[in-house]
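# Tertiary structure, described
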Amino acid sequence: MEIVQSKTTKIDNVDFDNLEFGKVFTDHIFVCKFSNNSWGESKIIPYEDFLISPSARVFHYGQAIFEGMKCYRSDSDKLLLFRPKENFLRFNKSSKRMAIPEIHEKIFFNGLTELLRIEQKWVKKGDGNALYIRPFVFASEPSINASEANEYTFMIICCPSKSYYGDKQIKVKIEEKYSRAAKGGVGYAKASGNYAAQFYPTLLAKNEGYQQIIWTDSNNHQSIEEAGTMNLFFRIGDKLVTSPTSDSILDGITRKSIIELALSSGIDVEERIVRVNELINSYKRGNLKEIFGSGTAVVVLPIKTFGYKNDDFNLPELDNPWSLLLKKRLTEIQYDISSEFEDWKFKIN
Ligand SMILES: Cc1ncc(COP(=O)(O)O)c(C=O)c1O
């Protein structure tokens, strides 16, 4: 792999205690291009703007997908990724759906590990600190022919991050008009356009005082899907319930980890369709105890209030919420504090 070291570093100008998510990037970038039916040479080069044709297909038809993962630093200075093979597999699953050529495991992992070795000083210790990693691929071929491209660019960029919403609890709105994804569509893929399509309805919800939307099925808006960049969990009675993944829900790596952690904590987990009516009725009977989201960016995020039609429903303050228990167990694995689920840890150094 060709490596061109940056002559300068931005790190000394970064205030790691006051990071706004996704604004500051590390000094290098990994690049690999696809043309003539194959992936070419891998490179690590200084992070900088690059030239691209205005006719590149990605601008016109949105043929692009991405991943999101984090690198953590343990107290003993080990650098760890959390279940990165899952991100790699999902990357290719997303690519396949968008007619993008799949990337070889070797290119993905060599790029990732080499880039992290070069950028390791950007991975800070401490609860909530991590280096967020963004692998992405887009149709870079200059052509506005409305079909799949013949040339693609795969890149990995990284940005230091703190936990997404800090310790805040959020207020979400159950959506009744707009849809995020439909049956047979691309909801299960991390297709860039899925996110663009969420911005307008989310903006409307924000104007009403909510931070995120809980998406419902596109047929009749009766069953719960997911929220923003999180899967959702509901503590109903003595069970932890989550919607099954489908072609309209992203198969979250945090979600599947939370399910395993809950089961191994003796919590009863049900993967089944969750209807909006059930939530409202459970709430009214005092059976809906907690709602929380799970995702790489937020880890586990408790939801304080949900809105439906013209009502807001406040969830009770619990002494020992499952969200806290599960978040603690998960982060202790991510930071190598606990020795549970060793096979979820991927050590870089
Ligand atoms: C739409 C959507 N749902 C759920 C998630 C959570 O997935 P993960 O736990 O793999 O980060 C994400 C974030 O990747 C997402 O973008």
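Analysis parameters
Residues numbered from 1 in each chain as written. Predicted model: local features only at pLDDT ≥ 70, side-chain atom pairs only at ≥ 80, totals over all residues. Heavy atoms only, no water. Buried < 20%, exposed > 50% of the residue type's maximum accessible area, 1.4 Å probe, protein only. Helix = DSSP H or I, 4+ residues; strand = E, 2+ residues; numbered from the N terminus. Pairing = 2+ DSSP bridges. Phe/Tyr/Trp six-rings, centres within 6.5 Å; stacked < 30°, edge-to-face > 60°. Lys NZ or Arg CZ within 6 Å of the ring centre and 35° of its normal. Near = heavy atom within 4 Å. Polar contact = N/O pair within 3.5 Å; in protein donor to acceptor, adjacent residues only side chain to side chain. Areas by Shrake-Rupley, 256 points an atom, 1.4 Å probe, with all protein chains shown as cover. Core = buried A, V, L, I, M, F, W, Y, C linked by side-chain atoms within 4.5 Å. Contact = heavy atoms within 4.5 Å.

## Brief notes about the pairing of strand E2 (residues 28-35)
With respect to burial, E2 is a largely interior element, 6 of its 8 residues being buried. Bridge count between E2 and strand E3 (residues 38-46): 7 bridges; the pairing is antiparallel. Residue pairing in the sheet places Cys32 in a bridge with Ser42 of E3. Where E2 folds back onto E3 in an antiparallel hairpin, the turn is made up of 2 residues, including Asn36, whose phi is positive at roughly 50 degrees.

## Structural notes on the packing of aromatic side chains
One pass over the full model with this rule turns up 25 aromatic pairs. Aromatic pair Phe108 and Phe109: ring centres 5.5 Å apart, planes at 65 degrees, arrangement edge-to-face. An identical accessibility class is assigned to Phe108 and Phe109; each is buried. Plain terms: the ring middles of Tyr283 and Phe306 are 6.0 Å apart, the flat faces sit at 90 degrees to each other, and that makes the pair edge-to-face. Of this pair, Tyr283 sits in helix H6 (residues 276-284) while Phe306 sits in strand E16 (residues 299-308), and the two are 23 residues apart along the sequence. Given a relative accessible area of 0%, Phe306 falls into the buried group. Sitting over the face of the ring of Phe16, Lys124 holds its NZ or CZ atom 4.8 Å from the ring centroid.

## Let's talk about the site of the ligand
Surrounding the ligand, one finds 16 residues, the nearest of these being Lys190, Tyr195, Glu226, Thr254 and Thr296. With respect to the ligand, the side chain of Arg90 contributes an N or O atom lying 2.8 Å from an oxygen atom. Interatomic distance of 2.6 Å between a side-chain N/O atom of Lys190 and an oxygen atom of the ligand. Summarising the interface, the protein chains cover 97% of the accessible area of the ligand, which totals 390 Å² for the free molecule. Counting residues per element, the ones that place at least two in the shell around the ligand are helix H5 (253-264) and strand E15 (288-295).

## Notes on unusual backbone geometry
Note: most residues except glycine have negative phi, and most peptide bonds are trans. Unlike most non-glycine residues, His221 shows phi in positive territory, near 55 degrees. When you line up the elements, His221 lands in the loop between strand E10 (212-216) and strand E11 (224-227). Phi is positive for Asp336, which is not a glycine, with a value near 60 degrees. Within the secondary structure, Asp336 is located in the loop between helix H7 (322-334) and strand E18 (345-347).

## Points about the nonpolar core
One finds Trp39, Phe108, Leu112, Ile133 and Phe154 to be the most contacted residues of the largest nonpolar core, which totals 40 residues. Broken down by secondary-structure element, the contributors of at least two residues to this core are E2, E3, strand E5 (69-73), strand E6 (79-82), helix H2 (84-97), helix H3 (105-118), strand E7 (130-139) and strand E8 (152-161). Per-element accounting of this core gives the leading share, 7 residues, to H3. Look past the residues within four positions of Phe154 in its chain and what remains in contact with it is Phe30, Val31, Cys32, Trp39, Phe91, Ile103, Ile107, Phe108, Pro135, Phe136 and Val137.

Function cannot be inferred from these measures alone, as they are strictly geometric.
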